[in-house]
Amino acid sequence: MPVATLIVHGGAGRWDPRIPRAEIDAGLDRALETGWRALEDGALSAVVAAVTALEDDPHFNAGIGAVRNADGEVELDAGVMTAERLRTGAVAGMTDSARPVSVARAVLEDGRHVLLAGAGASRFAAERGLPLAGREHLRESARALPGSAGGTVGAVCRDDRGGLAVAVSTGGVSGKFPGRVGDSAICGAGFYADTPGAACATGQGEAFIRLAGCRRAVEMLAAGLDAPTCAARLIEELAERVGGEGGIIVVDAAGRPGVARNTRDMPWAWRTEAGAARWSSA
Ligand code: GLY
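Residues numbered from 1 in each chain as written. Predicted model: local features only at pLDDT ≥ 70, side-chain atom pairs only at ≥ 80, totals over all residues. Heavy atoms only, no water.

### Here's the deal with the sheet that holds strand β8 (residues 197-203)
Either a parallel or an antiparallel arrangement is found when strands of a sheet pair, and the pairing is made through backbone hydrogen bonds.
Logical step 1: Pairing in this open sheet of four strands is antiparallel, and the strands run β7-β8-β9-β10 from one edge to the other. Of all the strands in the sheet, the pair left with one neighbour each is β7 (191-194) and β10 (257-261). The average angle at which neighbouring strand axes cross in this sheet is 10°, direction not considered.
Logical step 2: Here strand β9 (residues 246-252) pairs with β10 via five bridges, running antiparallel. The residue of β10 that forms the bridge with Gly 247 is Arg 261.
Logical step 3: Most of the contacts of helix α7 (residues 213-222) go to β8, to which it runs at about 145°, and overall it touches β7, β8 and β9. (Pairing = 2+ DSSP bridges. Helix = DSSP H or I, 4+ residues; strand = E, 2+ residues; numbered from the N terminus. Axes fitted to C-alpha atoms, helices over the stretch in contact; angles between N-to-C directions. Contact = heavy atoms within 4.5 Å.)

In structure tokens:
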């Protein structure tokens, strides 16, 4: 029987205890519900809708809640991918879009390129009529709440037609060197989808890039590991091979979820036709 599954996460790290857990959970619930409503248009629409809801929530390190770089600017990365034809779109270092995941989706749908950066990504967004936020607006909205240490937001989905997709969005690492690009813009590192499943990473981007972490997780699914084992193994490798800290969410081709982390916190939630579940250590 076809199964639809949607998993969202709010970022691995150490969440500031001044942020009430109920507010984090409410944000995840909103993302899950928004994504679920979009599922009738397929897995890609579901993950983009879920991640957009998290970009719009100042509790999370993405969109209007993103952290600042060493110059006090906001530079946002995002990526999307479908298993079908390995369609991929990503943006890096955007300073003027509060919803970079929408720009990443437009890059995917345009199909000429996979990754656009900086001013080129902004020009591409403007030419497609996607809304741009003022640079000032993003800088001012950054970290308006007590700083969360959440890393990135993301979602993976298997729709009831078997479609698989992933979306990810982030402000990256607080205080990063200007121009630094993290794993969330890099296909195979911070996100990947192929016929065995879809994976989305959060945490130290450099570690996931070195490991090509999400591609590796999907390869483990292809080798026959189940989704929970594959997520756990990937995070073990992250620590052992590159000394990394982070988390990963995975969905396999049958809609089974896998989640693992080696950080203290990583709020996440998932839903299937059978109901919803949530786990959070924050
Ligand atoms: N994982 C997000 C980043 O390192 O940019």
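### Concerning the environment of Arg 241
Logical step 1: Mapped onto the elements of the fold, Arg 241 is located in helix α8 (residues 227-242).
Logical step 2: For Arg 241, a relative accessible area of 57% corresponds to the exposed category.
Logical step 3: Spatially, the C-alpha atoms of Arg 241 and Ala 207 are 9.0 Å apart, while their sequence positions differ by 34 residues.
Logical step 4: Among residues more than four places away in sequence, those in contact with Arg 241 are Leu 211 and Arg 216. (Buried < 20%, exposed > 50% of the residue type's maximum accessible area, 1.4 Å probe, protein only.)

### A few points about the pattern of salt bridges
Logical step 1: Scanning all chains against the criterion turns up 16 salt bridges.
Logical step 2: For Arg 85, the salt bridge identified is with Glu 84, shortest N-O distance 3.4 Å.
Logical step 3: Glu 84 sits in the partly exposed class, given a relative accessible area of 47%.
Logical step 4: Note that Arg 128 is salt-bridged to Asp 110, the shortest N-O span being 3.1 Å. Placement of Arg 128 in the loop between α4 (118-127) and α5 (135-141) and of Asp 110 in helix α3 (residues 100-110) is noted, with a sequence separation of 18 residues between them.
Logical step 5: Of the residues examined, Arg 128 reaches a relative accessible area of 35% and is grouped as partly exposed.
Logical step 6: Each of Asp 110, Arg 112 and Arg 128 takes part in a single network of salt bridges with overlapping partners. (Salt bridge = Lys/Arg side-chain N within 4 Å of Asp/Glu carboxyl O.)

### Let's talk about unusual backbone geometry
Logical step 1: Notably, Arg 85 is not glycine yet its phi reads approximately 60°, a positive angle.
Logical step 2: You can see Arg 85 is positioned in the loop between β2 (76-82) and β3 (88-94).
Logical step 3: For Arg 85, a relative accessible area of 65% gives the class exposed.
Logical step 4: In this structure, Ala 212 is a non-glycine residue whose phi angle is positive, near 50°.
Logical step 5: In this fold, Ala 212 is placed in the loop between α6 (205-211) and α7.

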